[in-house]
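Structural description and commentary
Residue-level listing of the chains:
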Amino acid sequence: MSATAVAQSSLVTSLKRYSRSWGLWLLLIAGPIGARFFVSRDDGSAIDIAIGDHYPVLTSAMLGISLGVVLTTLLMPLAFIYLRSNTNRRQPWQIEEVSPASRVAIMLGRFGADVAVLFTVLAALNLAGWLLGYLMIDAEPVRYWQISFALWLVAAPTLMGLAALHMLFDALPWTRRALGDFLYLCSWLASIAVPAAAAKMAPSFRANMYDFPGFVRPLVYGSPYGSSNFSIGGADVLPGRVPLDVMAGLLSPGYIQSRLAWAAIAVAVVIVAGIIYRPHRATHPRWYAKLTDRLLAAKPPPAANPLAAAAHPSRWPLLGLVIAEFRLIGSNRLMLAAAALAAMAGVALGDRHLASALAALWLVFA
C-alpha cells in the first residue's frame, strides 16, 4: 500500500472517530465563550489587552488579534487535553504496528485529522468574531475579512504546532503519559513568555520566529508606545483608548513569512515523530500500580441465590436510588478512607475552607 493511501486511510478513520466524540462540542463552544472575556470593554468586565495602560481602539483587525489571544492563552491547554483524551486516544496499535505501513504516513494522517478538528474550532471562533464585530465595533465600518485575516494568520500556525506536539509526544513510550502532559505545560508557558521577552527586537523574520503564538508583533509594531508598555491579563487601565495599527503589524517585515515557517515546522515535527516512533510494549504493572488497583477494587457482589424469591416492589424507590448511589461512590477502601478523613477534618476544623474543599474533592474523584 502506498504512503498516500495509508495517510488517507489514517485521516478518514481519525475523522470518523472524531465525529463520534461528544467532547468536540464542548471544545467548539469554548472558543465563543472565551471570546466574551478577551474583547476589551470599558466596564472592566474582560481580561485586559492594554497598550500604554490604555485599551486599544477596537477595530476589525484588533478584534481578530483579541480572538487569537483567546486561543493561545485559554484554548491551547484545553485543546491539548482534548487531543490526548478523546476517542482517538485508543488506537489499534496491535494491528498497525505489525503492518508494513509507513509510520510517517500514519502520523501525517492523524495530524491532518487533528488539524481539521482544531480548524473547525477556529472557524467557530471566527463566526463568533463576526457577530462581536457587528455588535461592538463602532470606531470604523466592520471589515469582516480583517477579522478573519488577523485571526487565521495568528492562530492557524499555532494550532498546527499544537497538533504536531501531540503527534511527537505520542511517538515515544515515556511521553505518552503524564510526562508528556507536563512537557506540554512547560512548552506552553515558554511559548507565552518568550515572545514578550523578544518584543523589543527590531521587526524581522528572525525576531518574529520567537513569537510562536503570533500576537505580540502585531500589538507592538503599530503601537505609539513601541514595545515598552503592553500587557495581557489583569492590569490597571487608564481611561480612554489608544489607536493601534494592527494591520501594519500583520504586514510588518518577516511576519507572514514567520507564520508560514511555523506551519512548515509543524509538518516537519510530525515527520520526525513518524521516524522516531517506538511501538507499544505490554509491560507488567509496577508494585504501586498493583497496590492502587487493590485499594480501588470494589468488593465482590454476594453470590446469586437461584432459589431466592422474586424481589418486592420498593416502597421508597427514590430513597433506594440514593442509597444505591452512595454504595457505588464508596465501593472501594481508598474512597472510604478518604471520606473518613474528610469527615474528621470537618469535625475538627468546621465546614469552612479546607474541610469543605476536601469534601468537594472527594465527591469529584469518587
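Since the model is a prediction, treat every value here as computed from it, not as a measurement. (Residues numbered from 1 in each chain as written. Predicted model: local features only at pLDDT ≥ 70, side-chain atom pairs only at ≥ 80, totals over all residues. Heavy atoms only, no water.)

**A closer look at the side chain of T72**
By the element assignment, T72 lies in helix α3 (residues 60-85). What T72 contacts, discounting residues up to four positions off in sequence, is T158, W188, I192, P213 and F215. (Helix = DSSP H or I, 4+ residues; strand = E, 2+ residues; numbered from the N terminus. Contact = heavy atoms within 4.5 Å.)

**Digging into the pattern of salt bridges**
Counted by the stated rule, this structure contains three salt bridges. D181 is the salt-bridge partner of R84, the closest N and O atoms lying 2.9 Å from each other. Placement of the pair is R84 in helix α3 and D181 in helix α7 (residues 178-197), with a sequence separation of 97 residues. For R84, a relative accessible area of 13% puts it in the buried group. (Salt bridge = Lys/Arg side-chain N within 4 Å of Asp/Glu carboxyl O. Buried < 20%, exposed > 50% of the residue type's maximum accessible area, 1.4 Å probe, protein only.)

**Section: the confidence of the model for the protein**
Fine structural detail should not be taken from predicted coordinates in areas where pLDDT scores are low. Here the protein averages 81 in pLDDT, while 85% of its residues score no lower than 70. Helix α12 (residues 287-296) is the least confidently modelled element of the protein, averaging 67 in pLDDT, while helix α11 (residues 255-275) averages 94, the highest of any element. (pLDDT = per-residue confidence, 0-100.)

**Overview of the packing of α3 against α7**
One can describe the packing of α3 onto α7 by two numbers: an axis separation of 11 Å at closest approach and a directional angle of 160°. For the element pair α3 / α7, the angle class is roughly antiparallel. Crossing angle aside, the handedness with which α3 passes α7 is right-handed. Taking contact as the criterion, the partners of T72, T73, M76, P77, F80 and R84 in α3 are, on α7, G180, D181, Y184, W188 and I192. (Axes fitted to C-alpha atoms, helices over the stretch in contact; angles between N-to-C directions. Parallel < 35°, antiparallel > 145°, perpendicular 65-115°, else oblique. Left-handed = near helix turned anticlockwise from the far one by under 90°.)

**Looking at a nonpolar patch on the surface**
Among the surface-exposed residues, L127, W130, L131, Y134, L135 and Y144 lie close enough to one another that they form a single nonpolar patch of about 670 Å² accessible area. Ranked by the residues each element gives to the nonpolar patch, the list is headed by helix α5 (residues 103-136), at five residues. (Patch = residues over 30% accessible without salt bridge, like charges linked within 9 Å, V, L, I, M, F, W, Y side chains within 5 Å. Areas by Shrake-Rupley, 256 points an atom, 1.4 Å probe, with all protein chains shown as cover.)

**What to know about the packing of aromatic side chains**
Two numbers describe a pair of aromatic rings. These are the distance of the centres and the angle of the planes. Evaluated as defined, the whole model comprises seven aromatic pairs. Judged by centre distance (6.0 Å) and plane angle (75°), the ring pair of W130 and Y144 falls under edge-to-face. Highlighted residues: W130 in helix α5 and Y144 in helix α6 (residues 144-169), separated in sequence by 14 residues. Since its relative accessible area comes to 34%, W130 is described here as partly exposed. Taken together, a centroid distance of 6.4 Å and an interplanar angle of 50° make the contact between W145 and F149 tilted. One end of the pair, W145, and the other, F149, are both in helix α6, four residues apart, so they sit about a helical turn from each other. On the accessibility criterion, W145 (54% relative accessible area) is exposed. Judged by its relative accessible area of 29%, F149 is partly exposed. R103 extends its terminal NZ or CZ atom over the ring of Y277, reaching a point 3.9 Å from the ring centre. Positioned over the ring face of Y277 is R176, at 5.0 Å from the centre of the ring. (Phe/Tyr/Trp six-rings, centres within 6.5 Å; stacked < 30°, edge-to-face > 60°. Lys NZ or Arg CZ within 6 Å of the ring centre and 35° of its normal.)

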